[in-house]
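A structural walkthrough
What follows is each chain in one-letter form.
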Amino acid sequence: MKNNVRILLCEDDPNLGSLLTEYLNAKGFETTLATDGAEGLKFFKRQPFEFLILDVMMPVKDGFTLAEEIRQLDRHVPILFLTAKSMKEDTLKGFKVGADDYMTKPFSMEELLVRINAILRRSAAIPEQGEEEVNFQIGKFDFDYNSQKLSLSGEESKLTTKENELLYLLCKHKNGLLERDYALKAIWGDDNYFNGRSMDVYIAKLRKHLKDDPKVEIINVHGRGFKLLAN
């Protein structure tokens, strides 16, 4: 993992915020601490960050609202949510606004580091040119994996990292079965319940991207996975 990754940490608990900042800096990251969501947005607009850690429950602007506003500015920067709640609804909401992962308090510093490095590895996982096919024809669509673009009749859609990785796997298995567990482990790193629900959200997003060609379809294969049906 490369050094000097710039992390924006938004945490309103001063003790936890200071502790996390000190720990992450000691591990080679460049960490900026914001104590509420509004301050976090101000910092994000001021300088580029390569990773975000957002507490869900913050004053002024909560983590979900902040993530939605940041996604308007940058669709690809990885986001890890911190939450004191264990409710499935909160976790799923986090995935819907673009989270890459979540952690429920309390958690260990070592687990946090493992999660950060796993997300950064996934975000940087692009096949080497010449070694892997990176351009695909999906019905009337052209899909360029390296540029994360899906094109139809000159109109381009920019895909998020998760959308891009998932569509890539579907294309590699086009008209065949993409096993659910395989996709979860390849992209999310774990096939647990919450990651499974997150993948379902991204499958729905890909269906919307591909809806303008009625001959292209992503179907569920119950209990097994998905099939991308296309010429």
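Rules and cut-offs
Residues numbered from 1 in each chain as written. Predicted model: local features only at pLDDT ≥ 70, side-chain atom pairs only at ≥ 80, totals over all residues. Heavy atoms only, no water. Phe/Tyr/Trp six-rings, centres within 6.5 Å; stacked < 30°, edge-to-face > 60°. Buried < 20%, exposed > 50% of the residue type's maximum accessible area, 1.4 Å probe, protein only. pLDDT = per-residue confidence, 0-100. Contact = heavy atoms within 4.5 Å. Salt bridge = Lys/Arg side-chain N within 4 Å of Asp/Glu carboxyl O. Helix = DSSP H or I, 4+ residues; strand = E, 2+ residues; numbered from the N terminus. Pairing = 2+ DSSP bridges. Axes fitted to C-alpha atoms, helices over the stretch in contact; angles between N-to-C directions.

This part is about the packing of aromatic side chains. Enumeration according to the criterion identifies eight aromatic pairs in this entry. When the centroid spacing of 5.9 Å and the interplanar angle of 25° are considered together, the rings of Phe136 and Phe143 count as stacked. By relative accessible area, which is 1% here, Phe143 ends up buried. In this structure an aromatic cluster arises from ring pairing among Phe136, Phe143, Tyr145 and Tyr168.

With that settled, consider the confidence of the model for the chain. When pLDDT is averaged along the chain, the result is 88, and 90% of the positions lie at 70 or above. Counting interchain partners and residues more than four positions distant, the pLDDT-below-50 stretch residues 125-131 has eleven contacts.

Evaluated as defined, the whole model comprises eight salt bridges. Between Glu111 and Arg115 there is a salt bridge, and its shortest N-O distance comes to 2.9 Å. Taken together, the positions of Glu111 and Arg115, both in helix α5 (residues 109-123) and four residues apart, correspond to about one turn of that helix. You can call Arg115 partly exposed: its relative accessible area is 24%. It is possible to trace a salt-bridge network through shared partners that takes in Glu11, Asp55 and Lys105.

What follows is about the sheet that holds strand β4 (residues 79-83). Across the sheet, five strands lie side by side as β2-β1-β3-β4-β5; this open sheet has parallel pairing. A single partner strand is all that each edge strand has here, and the edge strands are β2 (30-34) and β5 (101-104). Here the average twist between neighbouring strands, direction ignored, is 20°. Here strand β3 (residues 51-55) pairs with β4 via four bridges, running parallel. Across the sheet, Ile53 pairs through a bridge with Leu80, a residue of β4. Packing against the sheet, helix α1 (residues 14-26) makes contact with β1 (6-10), β2, β3 and β4, and its axis sits at approximately 170° to β2.

Strand order in the open sheet made by the three strands is β10-β12-β11, with antiparallel pairing throughout. The open sheet has two free edges, formed respectively by β10 (178-179) and β11 (217-221), since each of these has just one partner strand. With five bridges joining them, β11 and strand β12 (residues 225-229) adopt antiparallel strand pairing. What sits directly across from Glu217, in β12, is Leu229.

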